[in-house]
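Spelled out from the first residue to the last, the chains are:
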Amino acid sequence: MNKVFLIGRLTRDPQASTTESGRSYCRFSIAVDRFSRDRENSVDFINIITWNELASNCVKYLQKGSQVAVFGSIQTGSYERDGVKRQTFDVRADQVEFLTRANGGAQQGGEGAVKDEVIDELKQVDDDDMPF
């Protein structure tokens, strides 16, 4: 099963584009905190891609610093640059919940809004509590 759930803040404004066939998409990246008992906390930077109407909404309502919850799957790809083959990993978002505005204010109402206390609980999940 290939499912991903991430909460983080945009590291840059979403970049809109269109494929040759006319499908719209946008790309952005989010900074996601990684917590560990054995090491210092660190941050992962995850590339996100959205399609069609979701892409339009992300471009319209999100900006650098906005907090989001992303639901989707990992997609891989590869390309060659200067004779070196490189592998890419992106999260293809099926759903993006807008949690806060970039200036730090919480979104008011809205279906599927994630409450701050739920986010705090997710951050406190202990690896020993995981069933695998």
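No experiment lies behind these values; they were computed from the predicted model shown.

Reading the values: the criteria
- Residues numbered from 1 in each chain as written.
- Predicted model: local features only at pLDDT ≥ 70, side-chain atom pairs only at ≥ 80, totals over all residues.
- Heavy atoms only, no water.
- Helix = DSSP H or I, 4+ residues; strand = E, 2+ residues; numbered from the N terminus.
- Polar contact = N/O pair within 3.5 Å; in protein donor to acceptor, adjacent residues only side chain to side chain.
- Salt bridge = Lys/Arg side-chain N within 4 Å of Asp/Glu carboxyl O.
- Disulfide = S-S within 2.5 Å.
- Buried < 20%, exposed > 50% of the residue type's maximum accessible area, 1.4 Å probe, protein only.
- Phe/Tyr/Trp six-rings, centres within 6.5 Å; stacked < 30°, edge-to-face > 60°.
- pLDDT = per-residue confidence, 0-100.
- Contact = heavy atoms within 4.5 Å.

## A word on the side chain of Ser66
Alright, step 1. Relative to the assigned elements, Ser66 resides in the loop between helix H1 (52-61) and strand E5 (67-81).
Alright, step 2. Reaching out from Ser66, the side chain makes a polar contact with the backbone oxygen of Gln63 at a distance of 2.9 Å.

## A few points about the pattern of salt bridges
Alright, step 1. A complete count under the given rule lists 2 salt bridges for this structure.
Alright, step 2. The salt bridge partner of Arg27 is Asp90, with a shortest N-O separation of 3.6 Å. With a gap of 63 residues between them, Arg27 in strand E3 (residues 24-34) and Asp90 in strand E6 (residues 84-98) connect regions that are remote in the sequence.
Alright, step 3. Among the ionic pairs, Asp44 bridges to Arg34, the shortest N-O distance being 2.7 Å.

## So, the state of the cysteines
Alright, step 1. Evaluated as defined, the whole model comprises 0 disulfides.
Alright, step 2. Among the cysteines around Cys26, which has no disulfide bond, Cys58 carries the closest sulfur, lying 4.7 Å off.
Alright, step 3. The class of Cys26 is buried, set by a relative accessible area of 0%.

## Quick look at the packing of aromatic side chains
Alright, step 1. On inspection of all chains with the given rule, the structure shows 3 aromatic pairs.
Alright, step 2. Ring plane angle 35° and centroid distance 4.6 Å describe the contact between Phe5 and Phe71, whose orientation is recorded as tilted. Here Phe5 is found in strand E1 (residues 4-10), whereas its partner Phe71 is found in strand E5, with 66 residues between them in sequence.
Alright, step 3. Residue classification places Phe5 among the partly exposed positions, given a relative accessible area of 39%.

## Some thoughts on the confidence of the model for the protein chain
Alright, step 1. The predicted model of the protein chain has a mean per-residue pLDDT of 83, with 76% of residues at 70 or higher.
Alright, step 2. Overall, residues 108-118 carries pLDDT values under 50, and its contacts beyond four positions in sequence, including any with other chains, amount to 5 contacts.

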